[in-house]
Every structure is written in C-alpha cells, then in structure tokens.
Number of protein chains: 2
Amino acid sequence: MAKYRQIYEQLAEQMRNGVLEAESKLPSETELMHTYEASRGTVRKALDLLQEHGYVRKHHGKGVFVLRREQIEFQFNGIVSFSEVYASMLGRSIQTTVASFEEIEAPPWLAERMDLKPGTAMYRVERVRNFDGENVILDVNYFVKDLVPGLTKQIAERSIYEYVERELGLQISYAKRKIAAEDVTALDRMRLDLHDYEYVIVITNDTFLYEGRQFEYTESRHRLDKFQFSDVARR
Amino acid sequence: MAKYRQIYEQLAEQMRNGVLEAESKLPSETELMHTYEASRGTVRKALDLLQEHGYVRKHHGKGVFVLRREQIEFQFNGIVSFSEVYASMLGRSIQTTVASFEEIEAPPWLAERMDLKPGTAMYRVERVRNFDGENVILDVNYFVKDLVPGLTKQIAERSIYEYVERELGLQISYAKRKIAAEDVTALDRMRLDLHDYEYVIVITNDTFLYEGRQFEYTESRHRLDKFQFSDVARR
DNA sequence: AAGTTTAACTTATATAGACGAGTCGTGTCA
DNA sequence: TGACACGACTCGTCTATATAAGTTAAACTT
C-alpha cells in the first residue's frame, strides 16, 4: 500500500478509537515527517485525504484539528438504496418481493431521458417492499441490458447493486436524485396498500458509471406516511 | 491566485465551452508542464482538482479523459437553501415575508435536539415563501443567539445565511437533513394557502459549524404540490 | 496601557528529480 | 502464426528544498 495511505489509515484509526481526541490539534507536518519517516509531501497527502474524508479540518497557519466523532460517522453519504437506510434506521427488516421482471425495449420517454436509442434492450423490474405486513414502497427499475447483462429475477430478489458492483465490477460514479409528491397511479393502487392516501412520494434516480454512461433509471414510490429521507450535506 | 488554480480554471473553461471535447484525451502531464510552464506537481494538482470536481477521469497508464458535459454541470452539490433551488429551477422569483421574529428561550424539545442547556437564548424566525401569489412554504428557523449575534428582522428578510457567513464569518461545515411527510398543523393553516391538502412535506435541517457546534435548527414546511428536492450523490 | 513590530510557529504553493507501475504497440523468437 | 520481451509512453508515489502566507505571542515602542 502507498505510504501516504498507511499514514492516513493509522491516523484515522487513532481518531476512531479515541487515541486522538476530538477538537485536539494534530502534530505539525514537520513532526509527522519524523514520526512516520516520510517526506513532507507524503505527510501532506495523508492529511489532505483525512480532510477529504471528514476526519480533520486544516487551518492555514494554525494547524490540523480532529473533528468530532459525529462528523466522522457520516463520512460516506454516498449512494445507498432507500430501503437499506430504511431498514437500518428502523431496526427491522423489509420483505422484498419481485412483482414483475421483464425484458423490454426502451419506450420513447425513457430513451430520451436516458439518452439512448429508442428500442434499446432493457430490463424492467418492479419490486414491492413490505414492512410490518403492508406494502408501502414500490420500486421500478430500468437497466440497460448491455451494461447489466445476465440480470435475473433471483438476483433482483437480493441486491441488484451488489450484483452490479461485485459481480460485474461496474464502477458507479454518481446518481442524480429528485424527490417530489405525485398523484397516486393505477399501478400504485395495484401494488401498494395505500389506505386513503391520494399522494405518493416519488424518488427518481438516475445512476451513472464512471465513463459517464447512464445504466439505470429508477422510480421509488413511497406511501406518504412511510417515506423518510436522510442526508448529510458537507461543504 | 495559485498557479494550479489558474491551470484548473483554464482547463475547466475549455471543457465547458467545448474547446476540449467530451471523451477526448487531455495532453499528458509532461505536455501540460510545457504549455503552462509549471512543474509536474503543479499540473497534477490541477488535474486532481478537475477530477474531484467531476470534469475528468484519470486512468493510470492511459491518460486523462474529459467527461461528458452532463456530469460537469452538477459539480456543486453543497448545501443550498431550498427556495434558492426552487427559484432558479422555475426561473421565477419567490417573495419572502418574515411572519414572525422573536427572541425566545430554548424549549426543552429544542434544547435536547440541539444539545443545549434548556433556556438558552435563541432567535426564532418564521418566514413565508410566496410563489405566484400563494404562500406555499413556511420556514421556521431557530438560531443560537450567542453564535448569531445581532440578527434582525431586516436581515431575515434578505438572506440569513449570507449574514452568517459574510458578516459574522462563521464557517458552516455540514448539515443534516431529514425529509418526511407530516400532518398539517394549525400553524401551517395560518401561514400557508393549503387548499385541501392534508399533508405537508417537512425538511428538518440541523446545521453545524466547523468546530462541531450546532448553531441552527430549521423546519421547512412545503405544500405537497410545491415540493421538490434535487440532489447529486457522488461516490 | 495600548498599539506596533518582530520572531517563530503553522500550513500552502511551487520546483526538480528519481523511481514505480499500468498500458500498448512493435519487434523478435520459437 | 503466436507467444513473449522490450521500449516508449502514460499516470502514481516519494523525496528534498525553497519560498509564500496566515497565526500567535512575546518583545518593543509610544
């Protein structure tokens, strides 16, 4: 492993287990050079990484300061599926059922949205999330077949993202999300236990690979009372 | 301005206006050294920044490649007030009225939430956002008086964040957000033009300074049909 | 006592050079 | 023809050194 990464790991570990206390000042770059027997550039690279990951804050002329634990825990506020957050948040698990799994040709609205040729081969997956005996979330995923080959209903029942990243080795770069309330549709009524709710909260999600190609479009439709979204925005 | 920042700006500009085309390969570090008369370290720092901001993708052994425009536009996914996004998104402006401005002592629920001593002096501000003649958003802010001294109704009518950052020089580190639907309250009915909507979308926002202290808690209450939240999550 | 200068610390920027490591095409050899 | 070695190119890491710029406190001046 690269030397600056080792320094990063060691310092990060010391902050996680409290050897380096929150609010305290780290040794200066010169001191760290000696303790780790590294050049200043290498030490600085480790410190930059620590700051990037939310462990410390550098202050020109003053020093490098350890941030509070609270801030550290949220260091990876990346792309997570909402049902996962949901499950971990409420401490109970969610039952997922694949309600529909089909191969389709991209309809015009989707081709336009994803910048694809109309008729591109896609997978379309409907998954229903059941929580405490009620169907409260409907996820509709569209995947570009060429980019996610070999997707099956069985995989969809577990975690599609695991398959995409671990099995296929695709690297996800970023996702655009939009959240808004929408009128309930016929599909919502069919799949979900809606009671009297007339609206659903819809999260649309466009996910892109590193090369810049979009491989997924998803709509996650939540019953009003079971919707929650948490987020940490860092400056 | 720092030299690596200048190089960054020039390259970024060339990518935005299409001089450097998407998917194309940037000149090698050695070439850039000569064109910008800089050392390799400086050129690399500019390239790292470009990658961090989503302009390019570096490939060990191959080169640095320009990403597609789409990815560039969303480079800043920081903390922005929702009304700002709202206004820029719809291309029209929002009228803000300060409906209430008072100094209070932190009630127990707030003291607990913000980890303050009960009775801490606070400002409480209610602001109503009017869009196309209808009051559709109600913002209720609570600020710690010690951390945001000298706040006035006049300032609240403009931008409180500007005051906090520019005038007071406070550095905002991160914000925790939560979005959920809630039943309409009496206050909502009083301040907003709710029509028949029985629910509002509530964004709660806890904002922290670099030292880790929380200086603000805000609830932003949106009429269902006027709520929208956009976001880009980067890995 | 109050303001100013200075010195000593901190991090930030820039340079130059060396070597490591991944990629790709070309030429050689079997 | 096919496998392999090599060279030339790319970015990645590390070192060493110099100078700039922000911060702080002590020393100095008024």
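Here the structure is shown first, and the text comes after it.
These notes cover the structure that comes with them. (Residues numbered from 1 in each chain as written. Chains lettered and ligands numbered in written order. Predicted model: local features only at pLDDT ≥ 70, side-chain atom pairs only at ≥ 80, totals over all residues. Heavy atoms only, no water.)

On to the protein's contact with DNA strand D. Of all residues adjacent to DNA strand D, which total 24 residues, the nearest are Lys3, Ser39 and Thr42 of chain A together with Arg40 and Arg44 of chain B. Take the atoms of DNA strand D that sit within 4 Å of the protein: sugar and phosphate atoms are 70% of them. For DNA strand D, a base nitrogen lies 3.5 Å from a polar atom in the side chain of Arg40 of chain A. With respect to DNA strand D, the side chain of Ser28 of chain B contributes an N or O atom lying 3.2 Å from a phosphate oxygen. Residue assignment for the surface near DNA strand D shows that the elements contributing at least two residues are α1 (3-16) and α3 (40-52) of chain A together with α2 (29-36), α3 (40-52), β1 (56-59) and β2 (63-66) of chain B. (Near = heavy atom within 4 Å. Polar contact = N/O pair within 3.5 Å; in protein donor to acceptor, adjacent residues only side chain to side chain. Helix = DSSP H or I, 4+ residues; strand = E, 2+ residues; numbered from the N terminus.)

The next point concerns α2 of chain B. Residue and element names in this part refer to chain B. Taken together, the buried positions of α2 are occupied by Glu29, Leu32 and Tyr36. The arc that holds the buried residues of α2, viewed along the axis, is 55°, so those residues lie on one side. In this structure, the buried side of α2 is in contact with α1 (3-16), α3 and β1. Phi turns positive, to about 50°, at Glu37, one or two residues after α2. (Buried < 20%, exposed > 50% of the residue type's maximum accessible area, 1.4 Å probe, protein only. Arc of directions from axis to C-beta. Contact = heavy atoms within 4.5 Å.)

Looking at the element boundaries, Tyr197 of chain A is found in the loop between α9 (186-191) and β7 (199-209). Residue class for Tyr197 of chain A comes out buried when judged on its relative accessible area of 16%. For Tyr197 of chain A and Arg223 of chain A, which are 26 residues apart along the polypeptide, the C-alpha to C-alpha distance reads 7.5 Å. When neighbours within four sequence positions are excluded, Tyr197 of chain A is seen to be in contact with Val184, Arg223, Leu224 and Asp225 of chain A together with Tyr199 of chain B.

Moving on to the protein's contact with DNA strand C. Of all residues adjacent to DNA strand C, which total 24 residues, the nearest are Arg40 and Arg44 of chain A together with Lys3, Ser39 and Thr42 of chain B. Within 4 Å of the protein, the contacting atoms of DNA strand C are 69% sugar and phosphate, with bases supplying the remainder. Within the backbone of Glu29 of chain A, a nitrogen or oxygen atom sits 3.1 Å from a phosphate oxygen of DNA strand C. Residue Gly61 of chain A places a main-chain N or O atom 3.5 Å away from a sugar or linking oxygen belonging to DNA strand C. When residues of the surface near DNA strand C are traced back to their parent elements, those giving at least two are α2 (29-36), α3, β1 (56-59) and β2 (63-66) of chain A together with α1 and α3 of chain B. In terms of residue count, α3 of chain B provides more of the surface near DNA strand C than any other element does, three residues in total. Looking at the surface near DNA strand C residue by residue, the classes come out as four nonpolar, nine polar and 11 charged. (Nonpolar A, V, L, I, M, F, W, Y, C, P; charged D, E, K, R; others polar.)

On to the packing of aromatic side chains. Residue and element names in this part refer to chain A. Within the structure shown, the criterion is met by 14 aromatic pairs over all chains. Relative to Tyr142, the ring of Trp109 lies with its centre 5.7 Å away and its plane at 90°, an arrangement referred to as edge-to-face. Within this pair, whereas Trp109 is found in helix α6 (residues 108-114), its partner Tyr142 is found in strand β5 (residues 134-144), the two being separated by 33 residues in sequence. Overall, Tyr142 belongs to the buried group, its relative accessible area being 9%. Aromatic side chains Phe143 and Phe215 sit 6.2 Å apart centroid to centroid with 35° between the ring planes, which places their arrangement in the tilted category. Of this pair, Phe143 sits in strand β5 while Phe215 sits in strand β8 (residues 214-223), placing them 72 residues apart in sequence. An identical accessibility class is assigned to Phe143 and Phe215; each is buried. One aromatic cluster in this structure is built from Trp109, Tyr142 and Tyr217. Directly above the aromatic system of Tyr4 lies the positively charged group of Lys45, at a separation of 4.6 Å from the ring centroid. (Phe/Tyr/Trp six-rings, centres within 6.5 Å; stacked < 30°, edge-to-face > 60°. Lys NZ or Arg CZ within 6 Å of the ring centre and 35° of its normal.)

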